[in-house]
Amino acid sequence: MDKKDKKIIIMDVGDVLKGDLGAGCIILEKMAETVSGDDVDFAWLGNDPRYAQDFILGSDLCVITGAFDLRGMPGTLHVWDQATFEQNAWWMANEFPVIHRLTMGMAVAGMAQDVPPRFVYIWIDPHITQGYGVSNLVQKAVTRAVWQIHREIWRLRLNQAPPEGTHVREPVRHFAEPTVQASGLACVKSISQKK
């Protein structure tokens, strides 16, 4: 991996033997099939994410996925930033032991002061919590979650500086020029100009 490449870690919490609670694992499997690049790592944390800091440290983007009953309709996708997670962490840690263990690992990473500048949490409300495999409602949410993670990766990669010696095309600037139509209503005509 080039030193300029951003490091991305995608992690899941949950149990694949408890139905929809294994949605995070399914998300990671789909991401592993569809994402490319040396800058993306995956961590299947299962029900014991106490050592999450080992994966979090030094990354630029950390995505954590899982399925929890957040009192939404089954299959509801929740995409949280760090502030939203922190607002709900106390309640979630008391409600879900796996989140308690995750926050312990994240606290260790915070003490090391090498935490990612961006965290994204993707939670799915489960429908069934027994057996192997996920329900149709959660499978649809998994597809939306994979799309959301790809979007976060693209955003990070687009904000990355191009390698030295790479030719970057000059951007096309769009300026708006007011015009008057025969009816007297003003409209805007777009004019393209090179920088």
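Residues numbered from 1 in each chain as written. Predicted model: local features only at pLDDT ≥ 70, side-chain atom pairs only at ≥ 80, totals over all residues. Heavy atoms only, no water.

What follows deals with the overall build of the protein. A count of helices and strands for the protein gives five helices and seven strands. Seen in sequence order, the protein has helices and strands lined up from the N terminus as β-α-β-α-β-β-α-α-β-α-β-β. Residues classed as buried in the protein amount to 37% of the 195 residues present. In the protein, the proportion of contacts linking residues at least 24 apart, taken out of those at least 6 apart, comes to 76%. (Helix = DSSP H or I, 4+ residues; strand = E, 2+ residues; numbered from the N terminus. Buried < 20%, exposed > 50% of the residue type's maximum accessible area, 1.4 Å probe, protein only. Contact = heavy atoms within 4.5 Å.)

So, on to the environment of isoleucine 99. With respect to the helices and strands, the residue isoleucine 99 is situated in helix α4 (residues 97-112). Owing to a relative accessible area of 0%, isoleucine 99 belongs among the buried residues under this scheme. Considering only alpha carbons, one finds isoleucine 99 and proline 49, 50 residues apart in sequence, at a separation of 8.1 Å. Other than its neighbours up to four places away in sequence, isoleucine 99 contacts Phe68, Phe85, Met92, Ala93 and Trp123.

With that settled, the discussion passes to the environment of lysine 30. Within the secondary structure, lysine 30 sits in helix α1 (residues 23-34). Judged by its relative accessible area of 33%, lysine 30 is partly exposed. Once the C-alpha coordinates of lysine 30 and valine 142 are considered, the two residues, 112 residues apart in sequence, prove to be 8.7 Å apart.

The next subject is the nonpolar core. Residues Met11, Ile64, Phe68, Ile99 and Trp123 are the most contacted members of the largest nonpolar core, which totals 25 residues. Among the secondary structure elements, those contributing two or more residues to this core are β1 (8-12), β3 (61-67), α3 (82-95), α4 and β5 (118-124). With five residues, the single largest contributor to this core is α4. Beyond its immediate stretch of four places on either side in the chain, isoleucine 64 contacts Met11, Leu102, Met106, Phe119, Val120, Tyr121, Ile122 and Trp123. (Core = buried A, V, L, I, M, F, W, Y, C linked by side-chain atoms within 4.5 Å.)

It is the rolling of a water-molecule-sized probe over the atoms that shows where space remains empty. Here the largest pocket defines a volume of roughly 180 Å³. Every residue lining the largest pocket is counted, 13 residues in all, and those nearest its centre are Leu21, Asn47, Ala67, Phe68 and Val98. The element best represented in the lining of the largest pocket is α4, accounting for three residues. When the residues that make up the lining of the largest pocket are grouped by side-chain class, the tally is seven nonpolar, two polar and four charged. (1 Å grid on protein atoms, 1.4 Å probe; cavity = no way out; pocket = protein on both sides within 12 Å on 5 of 7 lines; lining within 4 Å. Points joined across faces, edges and corners; volume = space filled by probe spheres on them. Nonpolar A, V, L, I, M, F, W, Y, C, P; charged D, E, K, R; others polar.)

The next subject is the packing of aromatic side chains. Scanning all chains against the criterion turns up nine aromatic pairs. Measuring from centroid to centroid gives 6.3 Å for tryptophan 80 and tryptophan 123, while their planes differ by 90 degrees, and the two rings are edge-to-face. Of this pair, tryptophan 80 sits in strand β4 (residues 77-80) while tryptophan 123 sits in strand β5; the two residues are 43 residues apart in sequence, bridging distant segments of the chain. In this pair, the class of tryptophan 80 matches that of tryptophan 123, namely buried. (Phe/Tyr/Trp six-rings, centres within 6.5 Å; stacked < 30°, edge-to-face > 60°.)

A word on the sheet that holds β4. With mixed pairing, the five strands of this open sheet are ordered in space as β2-β1-β3-β5-β4. Whereas interior strands pair on both sides, the edge strands pair on one side only; in this sheet they are β2 (40-44) and β4. Within this sheet the neighbouring strands show an average axis-to-axis angle of 15 degrees, counted without direction. The sheet contact formed by β1 and β2 spans five bridges and is parallel. In the sheet register, methionine 11 faces β2, and the bridge partner there is alanine 43. (Pairing = 2+ DSSP bridges. Axes fitted to C-alpha atoms, helices over the stretch in contact; angles between N-to-C directions.)

Here we take up α1. Taking 1.5 Å per residue as the helical rise, α1 with its twelve residues ought to reach 16 Å, and the 17 Å between its terminal C-alpha atoms agrees with that figure. Where the residues of α1 are buried, they touch β1, β2, β3, β5 and α5 (136-158). (Expected span 1.5 Å × (residues − 1).)

What follows concerns the confidence of the model for the protein. Averaged over every residue, the pLDDT of the protein is 78; the share at 70 or more is 76%. Looking over the protein, one finds the lowest element-wise mean pLDDT in strand β7 (residues 186-194), namely 38, and the highest in β4, namely 94. Note that pLDDT drops below 50 for residues 166-195; the model gives that stretch 29 contacts with residues more than four away or on any other chain. (pLDDT = per-residue confidence, 0-100.)

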